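# A structural walkthrough
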Amino acid sequence: MKSIFNPKGRITRRKYLTLFLIFYSINVLSLMMIFQSFQSNEWIAFWAFSISLISSIILLMVQAIRRLHDLGYNWMYSLYLLIPPPINFVGFIWLAWAEGQNGENMYGPDPRRTDLI
């Protein structure tokens, strides 16, 4: 099983959607907690949730890169996902909807043959 921290390789739609829902939920929760801790001047919580937000954004980007590899695209297209919501949300949903390339491509073997989840 490949690591979720490694941007190399490919990922299936199902695994991408599962990880997307987890990391995007953490993202939204962190944003709400950052706002609340800023309002109440709780700076330790503010910085803790800021680190959580940045980490979840990085993990979302890594999974998007792996999904783009499954579609046959370069990692640079993932930079479009840094555009603020709702535009980036549409991009993330497109990655979950688009069907990957059949067979092996230049980024690795077909993940549907080796993926357990």
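Summarised in this report is the structure supplied together with it. Since the model is a prediction, treat every value here as computed from it, not as a measurement.

Parameters and conventions
- Residues numbered from 1 in each chain as written.
- Predicted model: local features only at pLDDT ≥ 70, side-chain atom pairs only at ≥ 80, totals over all residues.
- Heavy atoms only, no water.
- Core = buried A, V, L, I, M, F, W, Y, C linked by side-chain atoms within 4.5 Å.
- Buried < 20%, exposed > 50% of the residue type's maximum accessible area, 1.4 Å probe, protein only.
- Helix = DSSP H or I, 4+ residues; strand = E, 2+ residues; numbered from the N terminus.
- Contact = heavy atoms within 4.5 Å.
- Phe/Tyr/Trp six-rings, centres within 6.5 Å; stacked < 30°, edge-to-face > 60°.
- Polar contact = N/O pair within 3.5 Å; in protein donor to acceptor, adjacent residues only side chain to side chain.
- Salt bridge = Lys/Arg side-chain N within 4 Å of Asp/Glu carboxyl O.

## Overview of the nonpolar core
- Counting residues in each nonpolar core, the largest one holds 17 residues, and the members touching the most others are Tyr16, Phe20, Leu60, Leu81, Phe92 and Leu95.
- Elements with a contribution of two residues or more to this core: α1 (13-39), α2 (43-71) and α3 (87-97).
- Looking at this core element by element, the count peaks at six residues for α2.
- In this structure, Leu95 is in contact with Arg13, Tyr16, Ala64, Arg67, Leu68, Leu71 and Leu81, ignoring residues within four places of it in sequence.

## Here we look at the packing of aromatic side chains
- Counted by the stated rule, this structure contains 13 aromatic pairs.
- With a centroid separation of 5.6 Å and 80° between ring planes, the pair formed by Trp43 and Phe46 is classed as edge-to-face. Linking Trp43 with Phe46, this pair stays in helix α2, spanning three residues, or about one helical turn.
- According to the relative accessible area criterion, Trp43 is partly exposed, its value standing at 41%.
- With relative accessibility at 16%, the residue Phe46 sits in the buried group.
- Plain terms: the ring middles of Tyr73 and Tyr77 are 5.4 Å apart, the flat faces sit at 65° to each other, and that makes the pair edge-to-face.

## Structural notes on the environment of Arg10
- Structurally, Arg10 can be placed in the segment before α1.
- Arg10 gets classed as buried once you look at its relative accessible area, which sits at 5%.
- Here the alpha-carbon distance between Arg10 and Ser25, two residues 15 residues apart in the chain, equals 23 Å.
- Non-local contacts of Arg10, meaning those with residues more than four positions away in its chain, are made with Arg66, His69, Asp70, Gln101, Gly103, Glu104, Asn105, Tyr107, Gly108, Pro109, Asp110 and Pro111.
- Side-chain polar atoms of Arg10 contact the side chain of Asp70, separated by 2.7 Å.
- Polar side-chain contacts of Arg10 include one of 2.8 Å to the backbone oxygen of Gly103.

## Looking at the pattern of salt bridges
- As enumerated under the stated definition, the model contains two salt bridges in all.
- Here Arg10 ties to Asp70 by a salt bridge, and the two come within 2.7 Å at their closest N and O atoms. In this pair, Arg10 is assigned in the segment before α1 and Asp70 in helix α2, connecting sequence segments 60 residues apart. As far as the burial class goes, Arg10 and Asp70 line up, both buried.
- The network of salt bridges with shared partners includes Arg10, Arg67 and Asp70.

## Quick notes on the side chain of Gln63
- Within the secondary structure, Gln63 sits in helix α2.
- Judged by relative accessible area, Gln63 falls into the buried class, the value being 1%.
- Those residues within four positions of Gln63 in sequence are excluded, and the remaining contacts are Ile4, Ile11, Tyr16, Leu19 and Phe23.

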